[in-house]
Amino acid sequence: MARDAYLKRSLGTLSRRIKESRVLLVGAGGIGCELFKNLLLSGFGEIHIIDLDTIDLSNLNRQFLFRYEHIKKPKALVAKEVAHKFQPSAKLEAYHANIKDSQFNVDWFATFDLVFNALDNLDARRHVNRMCLAANVPLIESGTTGFNGQVQVIKKNQTECYDCNSKEVPKTFPVCTIRSTPSQPIHCIVWAKSYLLPELFGTSEDESEEFDHSADADNAAEIANLRKEAQALKAIRESMGSPEFYQKVFEKVFKEDIERLRGMEDMWKTRTAPQPLDFEKLQQESSSIEPIVSVNDQKVWSLAEDFVVFKDSLGRLSRRLKTLQETTKDGLKPILIFDKDDVDTLDFVTASANLRATIFGIEPKSKFDTKQMAGNIIPAIATTNAMTAGLCVLQAFKVLKNDFQNAKMVFLERSGARAVNSDSLKPPNPSCPVCSVATARIRIDPERATVNDLVQDVLRLQLGYGEEFSLSNELGTIYDPDLEDNLPKKLSDLGIKNESFLTVVDEEDEQPRVNLELVVLVPEKPEPSEAEKPVSLEKMINIPRKPKEREPPVPEPVNGAAVTGKRKAEEAGLTDGDERVKRIASASVAEGDGEHPIVLNEADGGAILIDD
């Protein structure tokens, strides 16, 4: 009997469509390993898998494709090698890379029939969501949080996208707590991740989203001192690359700043004053310790080991930034940012946070714990990952049949009445800044194209925009009526390159247009010609207006009494199966006289009705 005989019996004609499909799996972690196995055993003929991470000891309890001998190897490459045994005839491609790299552009996404997201961070999820919308490729989004899981089918112009609903804002911390009076390990970790690292290798702490300045009004003097400290650190940054750089940083943040804090005696009446660290003493104690390279990330380092890792990681990051500065075009300021999967930044944050924790008498944390806390990682449950991956494949079958009517949003809930719950897919949110937009492609000549060419020749003359609109990319606003300094600048000097996204926001008062998203196309070998315009639309586009917001109708009384329950829903033109009927019915019971019993209509999808 053929290997896929039972598969063909179960799936019928769909099995051929599955075998001919070309799909992309983004992420080879907990969900990714389970999903990769499921896709192969379900008969998918061509699967591309991408992940930028390497295998860690902590992964082995739930990422079953990996073994101890695979530690430090690329997840995607090992997953391909191991999982190929499940279906030797399948075509597999693996990429040890970041999905946000320029090589994975809109045209590349458009080559797939279906994309699966098995990611663990918000930024990458949003990027894949945006690319799939631009390429008009269906996306199956998934995620787990402990025992809870979720699967969502996303299709341009048919369903909600990942950004149609607002996501939970990351927790913020008062800047004075982080900078002056830490009392928990997380305070020291946030200080190292969102203050020290950006001040040395990135942007100022004033731009950090993890610092909350709302409670700082009563601490104006302290905030002023903290700003002076930041300025002093920027001056030290100029000595980066010199032999004494690490000593200057250490003396500044672990001794001088701490001595200033100790001088504020009122601050320490009810708490233990911090104790500054001695550079020379630690230098002697750590003289025989080599830089720590270990697979055991759950070991808590000693103070001397923290000092060694601090020096070593500071050197690694300094060399990286210097290399970026030497290879980056003029006008762009390269920076280094924290990434929980980046060894250099994670080592620096762990060691710096532990040195600071020692100063304030706080328990130091292992590299593993720091990664969990700094990366906002919630422990995963293997069973939840497996169930979520299975639900992804079941929804994929519906997508491949183009049966979006029966595709669902599926939830796993440990505390609910049922473990698996589902809801119908909702239409796109008309106010969504990501999917409720018009999309167009523009060609640019990087040697000649300026912001003024784009604003005047394309947006105003061709597309008919008025005076009130703004133009921005991922780095920020490029043009608006109050920001005209960039008009003569070349687009390439502002970080705009092939496959960049530009967003045009119409700010007219009377029924503005929906946002316009421009995808930049730079020919591989541009041939400058004065006869050709430096910026041009690939094809003309009609940009619709934003719909006017409708006010909810007020129910009219019938015979002097308000219509409630099922009758209210019928008056509003809703069917029994509509989710809103459930909310109307339950509200009517709560507000009524309690004489009408609740009836669960199992034959009609489980809608809750009021028995009149």
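Parameters and conventions
- Residue positions are given per chain, counting from 1 as you read along its sequence in written order.
- Where local features are concerned, this predicted model is filtered to residues with pLDDT of at least 70; where side-chain atom pairs are given and counted, the filter is 80 or more; whole-chain, interface and lining totals use all residues.
- As a convention, hydrogens and water are excluded, and side-chain values are obtained from all of the structure's heavy atoms.
- UniProt positions are given in the numbering used here, feature names are shortened, and annotations may be inferred rather than shown by experiment.
- Helical segments are the DSSP runs of H or I of at least four residues, strand segments are the runs of E of at least two, and each set is numbered from the N terminus.
- Residue burial is assigned from relative accessible area. The probe radius is 1.4 Å, only protein chains are included, and a residue is buried under 20% of its type maximum, exposed over 50%, and partly exposed in between.
- Only heavy atoms matter for contacts: two residues are in contact if any of them lie within 4.5 Å across the pair.
- In these tables, accessible area is a Shrake-Rupley quantity obtained with a 1.4 Å probe, and a residue counts as shielded only by the protein chains included in the view.
- Expected span, for any helix, means 1.5 Å times one less than how many residues it has.
- A strand pair is defined by DSSP finding two or more bridges across the two strands.
- For helices, the fitted line uses only the C-alpha atoms of the stretch in contact; every axis is such a line through C-alpha atoms, and the angle between N-to-C directions lies from 0 to 180 degrees.
- Here roughly perpendicular refers to angles of 65 to 115 degrees, roughly parallel to angles under 35, roughly antiparallel to angles over 145, and oblique to all remaining angles.
- Left-handed describes a crossing in which the near helix is turned anticlockwise from the far one by less than a right angle; the clockwise case is right-handed.
- When residues are sorted by character, Ala, Val, Leu, Ile, Met, Phe, Trp, Tyr, Cys and Pro go into the nonpolar class, Asp, Glu, Lys and Arg into the charged class, and all the rest, Gly among them, into the polar class.
- Here the aromatic set is Phe, Tyr and Trp, taking the six-membered ring for Trp, and pairing holds for ring centres within 6.5 Å; pairs whose planes are under 30 degrees apart are stacked, those over 60 apart are edge-to-face, and all others are tilted.
- We call a set of buried Ala, Val, Leu, Ile, Met, Phe, Trp, Tyr and Cys residues a nonpolar core when their side-chain atoms join them within 4.5 Å.

- The protein is annotated in an unreviewed UniProt entry as Ubiquitin-activating enzyme E1-like from Neosartorya fischeri.
- Quoted straight from UniProt, the Subunit (unreviewed entry) entry for the protein says "Heterodimer."
- Recorded under Pathway (unreviewed entry), the UniProt text for the protein is reproduced unchanged: "Protein modification; protein sumoylation."

## Describing the overall build of the protein
- Helix and strand content of the protein: 18 helices and 18 strands.
- Counting all 612 residues of the protein, 47% fall into the buried class.
- Pairs at least 24 apart in sequence give 66% of the contacts found in the protein among residues at least 6 apart.
- Total accessible area on the protein stands at roughly 31800 Å², and carbon and sulfur atoms take up 48% of it.

## Observations regarding helix α6 (residues 122-135)
- Here α6 is 14 residues long and its end C-alpha atoms lie 20 Å apart, about the 20 Å a rise of 1.5 Å per residue gives.
- Counted residue by residue, α6 has ten buried out of 14 residues, so it is predominantly covered.
- Buried within α6 we find Ala 124, Arg 125, His 127, Val 128, Asn 129, Met 131, Cys 132, Leu 133, Ala 134 and Ala 135.
- Turning to α6, the residues buried within the fold contact β1 (22-26), α5 (106-109), β4 (114-117), β5 (139-145), β6 (148-154) and β14 (501-506).
- After α6 finishes, the residue Asn 136 shows a positive phi value of roughly 55°.

## Side note on the pairing of strand β9 (residues 408-412)
- Of the strand pairs in this sheet, β6 and β9 are connected by three bridges, and their pairing is antiparallel. Counterpart to Gln 150 in the pairing with β9 is Phe 411.
- The pairing of β9 with strand β10 (residues 420-424) spans five bridges and is classified as antiparallel. Across the sheet, residue Met 409 finds its bridge partner in β10, namely Asp 423.

## Considerations on the packing of helix α10 (residues 245-262) against helix α12 (residues 303-327)
- Where α10 contacts α12, the two axes come as close as 10 Å, and the packing angle between them is 120°. Between α10 and α12, the interaxial angle falls into the category oblique. In the crossing of α10 with α12, the sense of the turn from one axis to the other is right-handed. Residues Phe 245, Tyr 246, Val 249, Phe 250 and Phe 254 of α10 pack against Phe 307, Phe 310, Lys 311, Leu 314 and Ser 318 of α12.
- Its residues assigned to classes, the contact of α10 with α12 shows eight nonpolar, one polar and one charged.

## A closer look at the sheet that holds β14
- Spatially, the six strands line up as an open sheet ordered β13-β12-β14-β15-β11-β16, and their pairing is mixed. The two strands at the open ends of the sheet, each matched to only one other strand, are β13 (476-479) and β16 (535-537). Across the sheet, the mean angle from the axis of one strand to that of its neighbour is 35°, orientation sign disregarded.
- Across six bridges, the pairing between strand β11 (residues 438-444) and strand β15 (residues 516-521) is parallel. Pairing of Thr 439 across the sheet is with Glu 517, part of β15.

## Observations regarding the packing of aromatic side chains
- In the structure shown here, the tally under the stated rule is 19 aromatic pairs.
- For the ring pair Tyr 246 and Phe 279, a centre distance of 5.8 Å and an interplane angle of 40° mean the geometry is tilted. Linking Tyr 246 in helix α10 with Phe 279 in helix α11 (residues 279-285), this pair joins segments that are 33 residues apart in sequence.
- Classification of Phe 279 as buried rests on a relative accessible area of 3%.
- Look at Tyr 465 and Phe 469: their rings are 5.3 Å apart centre to centre, the planes differ by 50°, and that puts the pair in the tilted class. Per residue, the accessibility class of Tyr 465 equals that of Phe 469, and both read buried.

## So, the sheet that holds β6
- If you trace the eight strands from one edge of the open sheet to the other, you get β3-β2-β1-β4-β5-β6-β9-β10, paired in mixed fashion. If you trace the sheet from one side to the other, it starts and ends with β3 (91-95) and β10, each paired once. Taking the axes of each pair of neighbouring strands and ignoring which way they run, one obtains an average angle of 15° across the sheet.
- In the packing of α6 onto the sheet, contacts are made with β1, β4, β5 and β6, and the angle to β5 comes to roughly 165°.

## Some words on the environment of Met 240
- Its place among the elements puts Met 240 in the loop between α9 (220-237) and α10.
- If we skip the residues at most four places from it in the chain, Met 240 touches Leu 200, Phe 201, Phe 245, Ser 318, Leu 321 and Lys 322.

## Looking at the UniProt feature "binding site: Zn(2+)" (unreviewed entry) in the protein
- Following the UniProt record, the feature "binding site: Zn(2+)" (unreviewed entry) maps to Cys 161, Cys 164, Cys 432 and Cys 435 here. A maximum C-alpha distance of 8.5 Å places the annotated residues, which cover 275 residues in sequence, within one compact spot.
- Structurally, Cys 432 can be placed in the loop between β10 and β11.
- Setting aside its immediate chain neighbours within four residues, Cys 432 contacts Cys 161, Asp 163, Cys 164 and Val 437.
- The contact partners of Cys 435, leaving out residues within four places of it in the chain, are Leu 133, Cys 161, Cys 164 and Pro 428.

## Considering the nonpolar core
- In terms of nonpolar packing, the biggest core is built from 48 residues, with Leu 200, Phe 201, Phe 250, Phe 254 and Phe 310 touching the most fellow members.
- At the level of elements, α8 (185-201), α9, α10, α11, α12 and α13 (343-359) are the ones that each hand at least two residues to this core.
- The dominant element in this core, judged by the number of residues it contributes, is α8, at eleven residues.
- With residues near it in sequence (within four places) discarded, Leu 200 still touches Leu 233, Arg 237, Met 240, Phe 245, Val 249, Leu 314, Leu 321 and Phe 348.
- Membership of the second largest hydrophobic core comes to 44 residues, among which are Val 23, Ala 79, Phe 397 and Val 410.

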